[in-house]
Amino acid sequence: GAVVSQHPSWVICKSGTSVKIECRSLDFQATTMFWYRQFPKQSLMLMATSNEGSKATYEQGVEKDKFLINHASLTLSTLTVTSAHPEDSSFYICSASRGPGTEAFFGQGTRLTVV
Amino acid sequence: GNSVTQMEGPVTLSEEAFLTINCTYTATGYPSLFWYVQYPGEGLQLLLKATKADDKGSNKGFEATYRKETTSFHLEKGSVQVSDSAVYFCALNSGGSNYKLTFGKGTLLTVNP
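This write-up is about the structure you can find in this document. (Residues numbered from 1 in each chain as written. Chains lettered and ligands numbered in written order. Predicted model: local features only at pLDDT ≥ 70, side-chain atom pairs only at ≥ 80, totals over all residues. Heavy atoms only, no water.)

**Remarks on the overall build of chain A**
In terms of regular secondary structure, chain A is built from 0 helices and 11 strands. In chain A, the order of α-helices and β-strands from amino to carboxyl end is β-β-β-β-β-β-β-β-β-β-β. For 115 residues, the compact-globule formula gives about 13 Å, and the C-alpha radius of gyration of chain A, at 13 Å, lands near that figure. Evaluated residue by residue, chain A yields a buried proportion of 48% over its 115 residues. For chain A, the proportion of contacts with a sequence separation of at least 24, taken over those separated by at least 6, is 54%. For chain A, the accessible area works out to roughly 5600 Å², and carbon and sulfur atoms hold 53% of it. Taking the average location of the 10 positive side-chain charges in chain A and that of its 9 negative ones, the two points are 5 Å from each other. (Helix = DSSP H or I, 4+ residues; strand = E, 2+ residues; numbered from the N terminus. Rg over C-alpha atoms; globule rule 2.2 N^0.38 Å. Buried < 20%, exposed > 50% of the residue type's maximum accessible area, 1.4 Å probe, protein only. Contact = heavy atoms within 4.5 Å. Areas by Shrake-Rupley, 256 points an atom, 1.4 Å probe, with all protein chains shown as cover. Lys, Arg positive; Asp, Glu negative; His and termini not counted. Charge placed at Lys NZ, Arg CZ, Asp CG, Glu CD.)

**Observations concerning the sheet that holds strand β8 (residues 62-65) of chain B**
Whenever strands of a sheet pair, they do so through backbone hydrogen bonds, lying parallel or antiparallel. Residues and elements named next belong to chain B. Here 4 strands make up an open sheet; going across it, the order is β3-β9-β8-β7 and the pairing antiparallel. Bordering the open sheet on either side are β3 (19-21) and β7 (56-59), each of which pairs with just one other strand. Shown here is a sheet whose adjacent strand axes are inclined to one another by a mean of 15°, direction ignored. Where β3 meets strand β9 (residues 75-77), 3 bridges bridge the pair, whose relative direction is antiparallel. Bridge pairing links I21 to L75 in β9. (Pairing = 2+ DSSP bridges. Axes fitted to C-alpha atoms, helices over the stretch in contact; angles between N-to-C directions.)

**Let's talk about the packing of aromatic side chains**
We describe a pair of aromatic rings using the distance from one ring centre to the other and the angle between the two ring planes. In this structure the tally under the stated criterion is 11 aromatic pairs over all chains. Considering the side-chain rings of F28 of chain A and F105 of chain A, the 5.8 Å spacing of their centres and the 65° angle between planes classify their relative orientation as edge-to-face. Placement of F28 of chain A in the loop between β3 (19-25) and β4 (32-38) and of F105 of chain A in strand β10 (residues 104-106) is noted, with a sequence separation of 77 residues between them. For F28 of chain A, a relative accessible area of 6% gives the class buried. Their ring planes at 80° and their centres at 5.9 Å tell us that F106 of chain A and F103 of chain B sit as a pair that is edge-to-face. Here F106 of chain A, found in strand β10, pairs with F103 of chain B, found in strand β11 (residues 101-103), and the two come from separate chains. (Phe/Tyr/Trp six-rings, centres within 6.5 Å; stacked < 30°, edge-to-face > 60°.)

**Regarding the interface of chain A and chain B**
Contact with chain A, which involves 22 residues of that partner, is made by 16 residues of chain B. Both faces combined, the contact of chain A with chain B buries some 1500 Å², and carbon together with sulfur accounts for 58% of it. Together, L44, E103 and F106 of chain A form the three largest contributors to the area buried by chain A at its contact with chain B, with a combined 29%. Along the contact surface separating chain A from chain B lie 0 residue pairs in polar contact (both at pLDDT 80 or more). When residues of the side of chain A that touches chain B are traced back to their parent elements, those giving at least two are β4, β5 (44-51), β9 (90-97) and β10 of chain A. Tallied by class, residues from the side of chain A that touches chain B come to 9 nonpolar, 10 polar and 3 charged. (Buried area = accessible area lost by both parts, 1.4 Å probe. Polar contact = N/O pair within 3.5 Å; in protein donor to acceptor, adjacent residues only side chain to side chain. Nonpolar A, V, L, I, M, F, W, Y, C, P; charged D, E, K, R; others polar.)

**Observations regarding the layout of surface pockets**
Considered as a void within the structure, the largest pocket measures approximately 630 Å³ in volume. Around the largest pocket, the lining is made up of 27 residues, and of these K41 and Q42 of chain A together with V87, K105 and G106 of chain B lie nearest the centre. Looking at the lining of the largest pocket, the elements that each hand over two or more residues are β1 (3-6), β10 (86-93) and β12 (107-112) of chain B. Across the lining of the largest pocket, the residue classes break down as 12 nonpolar, 10 polar and 5 charged. Computed from the structure, the second largest pocket encloses a volume of approximately 500 Å³. In this structure, the second largest pocket is lined by 25 residues; those nearest its centre are L44, M45, L46, M47 and E59 of chain A. (1 Å grid on protein atoms, 1.4 Å probe; cavity = no way out; pocket = protein on both sides within 12 Å on 5 of 7 lines; lining within 4 Å. Points joined across faces, edges and corners; volume = space filled by probe spheres on them.)

**Details of the side chain of H71 of chain A**
Residue and element names in this part refer to chain A. Looking at where H71 falls in the secondary structure, it is placed in strand β7 (residues 67-73). Here H71 falls in the buried class, since its relative accessible area comes to 4%. Reaching out from H71, the side chain makes a polar contact with the backbone oxygen of A30 at a distance of 3.2 Å. Each residue touching H71, except ones within four places of it in the same chain, is listed here: A30, T31, T32, M33, S50, N51, E52, G53, L76 and S77.

If you want it as structure tokens, here you go:
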């Protein structure tokens, strides 16, 4: 199958610290990865699209200096929430696809709570 | 811009009841349409999809037909099971080289025995 794994599943951090979330494609090479944010009872909002080896493309309104995305290999992308604040608390979900126009497979999500 | 509007939940049904979850969309061009399902504690899984008008996507007893004239993609199942309890998301991809999805808010379905 096409398995995408996110780690950690949940994390609690103190305000002002940084948190890194990993997204791995376990059995395929992911040319493109997507990061979403989901607020309670809201839809998934696309934050950014990353292609392996190049800079991520951020959606309008997403602070690229706050949400750092790295896609250094074909099986791993990371999202780092820098200087986290309580308003960054949310559910973050990644997805990965083999290439342009192909199906994207989703990770199980990471629940971030900033206290 | 693109948007997806789906039926507000939660939806609670008894086992073997008929299910409909409404979904309408706004998009430029000719989008592909999807239904994703998220079981408790798991990531989203593609349930079914349709890539052009009048296509019917089907999987696990669920069906949805791409209706361009009403810009709709309603999800249906004739007889739900307890194991169908999950959150269902309608989504569209307006094309282009990236698989960039626009999601609805999700509908929580609970099926009671």
